[in-house]
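Each chain is listed here by its residues.
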Amino acid sequence: MSPAQNSNPHPPVDVDVDAIVVGAGFAGLYAVYRLREMGLSHRGFEQGSGVGGTWYWNRYPGAGSDSESWVYSYTFSEELEQDWTWSSRFPPQPEILRYLEHVAERFDLARAFTFDTRVTAARYDETRNRWEVETASGEKVTATWLITAVGCLSSAAVPDIPGRDDFAGPWYHTGEWPHQGVDFTGKRVGVIGTGSSGIQAIPVIARQAAHLTVFQRTPNFSVPARNRALAPQEVDELKRNIKEIREFCRWSTIGQPYDFQDRNALDLDPGELRERLEAMWQKGGFEWMFGGFPDMLYDERANDIAAEFVREKIRETVKDPAVAEKLIPKDYPIATKRLPLDNGYFETYNRDNVTLVDLRETPIERIVGAGVRTTEKTHELDMLVFATGFDALTGPLLRLGIRGRGGRKLEDKWAEGPRTYLGVATEGFPNLFMVTGPGSPSVLGNMPTSIEQHVDWICELIAHMRACGAARAEPTTDAEASWGAHVQELAAETLFPQADSWYLGANIPGKPRVFLPYIGGFGTYRKLCNEVAEKGYEGFALG
Ligand code: NAP
């Protein structure tokens, strides 16, 4: 066990600090680093027993990043950037967790956190201008600033399928995977869900299990990751050019070392378009995230071309045409659900030990002791995996029990959907800052790029407050309303609303259908945030 992974041997005892940070993943670690640099006292709370956030919890087989490794990391330390060497283009979960543990150890960050500790309430005391944070263990700490670094996809959603607790075997959710691992050898395993997590896990589980049954509700587009080891010369070159690469990412659309193709798909002749799509397919990676071409997200005709290209690839890959047709998405535009990258996902359905159950043809009736009963039959299983996703963006915040001015609950304020200014703050909750909150680009690209920008911006706002003697920062109602409208307008111009995705909260029964992230691009968002700061934090009431 590495030092960063353990329960803190010397838990901090301060009960009154400048800032409280919730979460010890990419965001929380960096927040603590910055606060310490600024000379602010701080406490951190983390539900897990160690650092890592997403990479602490998501230990399912095949878990790994879809971002290119050399940009899926911090930029705040040149030495760290030069010293750390990634093994492959898309590193697996254990390696990313090792990286975060290394960062925590190298910069002595873990000691700021109390681990195994869930925040159960966070109340703003108006008279004292303090946030009072309470934990499940009964500890109470107060602070001027409350920084949530709880991640966007950290609130696991296990669907309420009738009979779920009747299942005789063990069941798991991909986002809360047992640390000791799960041995599928010789077992009949069921996986429910074919999003990014399912698509990563399915090929690996299929290789180990006696039999794998995949329960698919909505077929997903997926493109090959083309993961590969990084050769030493390539690593050297990347490290030599890392400054330029990072600068490009900071101002790019999705925070990755590539952007859209330079031409609209519809402006290319069919031959050249096909060649470019084929090149993108062979290269693999997130270039596909928004469909690759600028018009893919806006024009159904352009989108159809890319969608049809991928459909053909699925037909070519999956040997049984009936299975292929079930796997092919036909009723939403490509890339309007987060496009997974895969390592042999479609090929997995050519295995003799894999069965695809199309839940649109034969829906689940209930889970029974022996397995999953659909309208057709009972699929007998020894183990069940829920790859059923998360209550994205709002879920992790709403479970903190946040109450703002006048005791107003965040869940009441957000009953019709989240309302934020820049995705970083919300009116009525002074000095509460949300790293990669709803209304910021967050999940629409490379998370560490988003996180560093947000943490830096929040810390600069705090520094500004201290410099000008402001005790409170809170968005104005107008600024928040116009930001919210802007976020929704941008999304409405795209094809995104056509898909029932977690971007819109559509995966959680009863969740308001509101587009959650800001889709105007990382670079544009960064520019807007900088302009707000240059204008003395326009849109914030500083008091
Ligand atoms: P997800 O994309 O929300 O996928 C959940 C899957 O479960 C969907 O196929 C969904 O079907 C299905 N499902 C949900 N409830 C169901 C029910 N009651 N019955 C049957 N099927 C049900 O979740 P995820 O795969 O965990 O991924 C979430 C996000 O996390 C990703 O989009 C990505 O941003 C991130 N992630 C990233 C990586 C990576 O970088 N490599 C890996 C994993 C996750 P419907 O489509 O019909 O709702």
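(A) Here's a closer look at the domain arrangement of the chain. Looking at the assigned domains, one finds that the chain contains domain 1 (3-155 + 392-542) and domain 2 (157-220 + 340-389). Domain 1 puts 13 residues into the contact, and the matching count from domain 2 is 16 residues. Summed over both partners, the interface of domain 1 with domain 2 comes to about 1300 Å²; 54% of that surface belongs to carbon and sulfur atoms. Summed over the three residues of domain 1 that lose the most area to domain 2, namely Tyr 60, Pro 61 and Asp 66, the buried surface amounts to 44% of that side. Taken together, the connections running from domain 1 to domain 2 amount to zero salt bridges.

(B) Structural detail: the packing of helix α13 (residues 447-468) against helix α15 (residues 522-534). Two elements in contact, α13 and α15, have axes separated by 11 Å at closest approach and are oriented at 0°. One finds that α13 runs roughly parallel with respect to α15. Of the residues in α15, those touching α13 at Thr 449, Ser 450, Gln 453, His 454 and Trp 457 are Phe 522, Tyr 525, Arg 526, Cys 529, Asn 530, Val 532 and Ala 533. Grouping the amino acids of the contact of α13 with α15 by side-chain chemistry returns six nonpolar, five polar and one charged.

(C) Quick look at the sheet that holds strand β13 (residues 364-368). Reading across from one edge, β13-β14-β15 is the order of the three strands in this open sheet, with antiparallel pairing throughout. Single-partner strands in this sheet number two, and they are β13 and β15 (378-380). Between one strand and the next, the sheet's axes are offset by a mean angle of 20°, whatever the strand orientation. Across four bridges, β13 lies against strand β14 (residues 371-374) in antiparallel orientation. Across the sheet, Ile 367 pairs through a bridge with Val 372, a residue of β14.

(D) Molecular detail of the sheet that holds strand β8 (residues 188-192). Read across the sheet, five strands follow the order β7-β16-β8-β9-β12 without closing on themselves; strand pairing throughout is parallel. Edge positions in the sheet fall to β7 (171-173) and β12 (354-358), since each of these pairs with one other strand and no more. Sheet twist, expressed as the mean angle between neighbouring strand axes with direction ignored, is 20°. With respect to the sheet, helix α5 (residues 196-208) is in contact with β8, β9 (211-216), β12 and β16 (383-386), its orientation differing from that of β9 by roughly 155°.

(E) Structural detail: the nonpolar core. Ranked by size, the top nonpolar core spans 143 residues in total, and within it Tyr 74, Trp 288, Tyr 349 and Phe 540 carry the most contacts. Looking at this core element by element, the count peaks at nine residues for α13. Setting aside anything within four residues of it in sequence, one finds Tyr 74 in contact with Gly 25, Phe 26, Leu 29, Tyr 30, Leu 80, Glu 81, Tyr 99, Leu 100, Val 103, Arg 246 and Glu 452. Residues Val 17, Val 22, Tyr 124 and Trp 414 belong to the second largest nonpolar core, which totals 21 residues.

(F) Layout of the pattern of salt bridges. With the rule as written, the count across this model stands at 41 salt bridges. Note that Asp 382 is salt-bridged to Arg 188, the shortest N-O span being 2.7 Å. Highlighted residues: Asp 382 in the loop between β15 and β16 and Arg 188 in strand β8, separated in sequence by 194 residues. For Asp 382, a relative accessible area of 25% translates into the label partly exposed. Here Arg 405 makes a salt bridge to Glu 474, at a shortest N to O gap of 2.2 Å. One end of the pair, Arg 405, is in the loop between β17 (402-403) and α12 (410-413); the other, Glu 474, is in strand β19 (residues 473-475), with 69 residues separating them in the sequence. Using a relative accessible area of 11% as the deciding quantity, one classes Glu 474 as buried. Each of the salt bridges in this network shares a partner with another, and the network as a whole consists of Arg 405, Arg 408, Lys 413, Glu 427, Glu 474 and Glu 480.

(G) Fine view of the site of the ligand. Around the ligand, a shell composed of 23 residues is seen, among which Gly 64, Ser 197, Arg 217, Thr 218 and Lys 337 lie nearest. Here Asp 66 contributes a side-chain N or O atom positioned 2.9 Å from a nitrogen atom of the ligand. In this structure, Arg 217 approaches the ligand through a side-chain N or O atom, which is 2.8 Å from an oxygen atom. For the shell around the ligand, the element with the highest residue contribution is α5, accounting for three residues. Grouping the constituent residues of the shell around the ligand by class yields eight nonpolar, eleven polar and four charged. Viewed by domain, the shell around the ligand spans two of them, domain 1 (3-155 + 392-542) and domain 2 (157-220 + 340-389), each represented by three or more residues.

(H) How the structure looks around the packing of aromatic side chains. Tallied over the entire structure, the rule returns 37 aromatic pairs. Both rings, one in Tyr 33 and one in Phe 76, keep their centres 4.2 Å apart while their planes meet at 35°; by these two values the pair is tilted. Of the two residues, Tyr 33 is situated in helix α1 (residues 26-37) and Phe 76 in the loop between α2 (54-57) and α3 (78-83); the sequence distance between them amounts to 43 residues. One exposure class covers both Tyr 33 and Phe 76, and it is buried. A ring pair is formed by Trp 457 and Phe 540, whose centres lie 6.0 Å apart and whose planes are at 40°; its orientation type is tilted. Here the residue Trp 457 occupies a position in helix α13, and Phe 540 occupies one in strand β20 (residues 540-542), the gap between them amounting to 83 residues.

(I) Summary view of the confidence of the model for the chain. On average, the chain scores 96 in pLDDT, and the residues at 70 or more come to 97%. Across residues 1-6, where pLDDT falls below 50, the model places 16 contacts with residues more than four positions away in sequence or in other chains.

(J) Molecular detail of unusual backbone geometry. Here Asp 108, not a glycine, exhibits a phi torsion of approximately 55°, which is positive. Tracing the sequence through the fold places Asp 108 in the loop between α4 (93-106) and β3 (113-114). Despite not being glycine, Asp 116 has its phi angle at roughly 55°, a positive value. Here Asp 116 falls in the partly exposed class, since its relative accessible area comes to 43%.

Here is what the cut-offs are and how they apply
Residues numbered from 1 in each chain as written. Predicted model: local features only at pLDDT ≥ 70, side-chain atom pairs only at ≥ 80, totals over all residues. Heavy atoms only, no water. Domains from an automatic or database assignment. Contact = heavy atoms within 4.5 Å. Buried area = accessible area lost by both parts, 1.4 Å probe. Salt bridge = Lys/Arg side-chain N within 4 Å of Asp/Glu carboxyl O. Axes fitted to C-alpha atoms, helices over the stretch in contact; angles between N-to-C directions. Helix = DSSP H or I, 4+ residues; strand = E, 2+ residues; numbered from the N terminus. Parallel < 35°, antiparallel > 145°, perpendicular 65-115°, else oblique. Nonpolar A, V, L, I, M, F, W, Y, C, P; charged D, E, K, R; others polar. Pairing = 2+ DSSP bridges. Core = buried A, V, L, I, M, F, W, Y, C linked by side-chain atoms within 4.5 Å. Buried < 20%, exposed > 50% of the residue type's maximum accessible area, 1.4 Å probe, protein only. Near = heavy atom within 4 Å. Polar contact = N/O pair within 3.5 Å; in protein donor to acceptor, adjacent residues only side chain to side chain. Phe/Tyr/Trp six-rings, centres within 6.5 Å; stacked < 30°, edge-to-face > 60°. pLDDT = per-residue confidence, 0-100.

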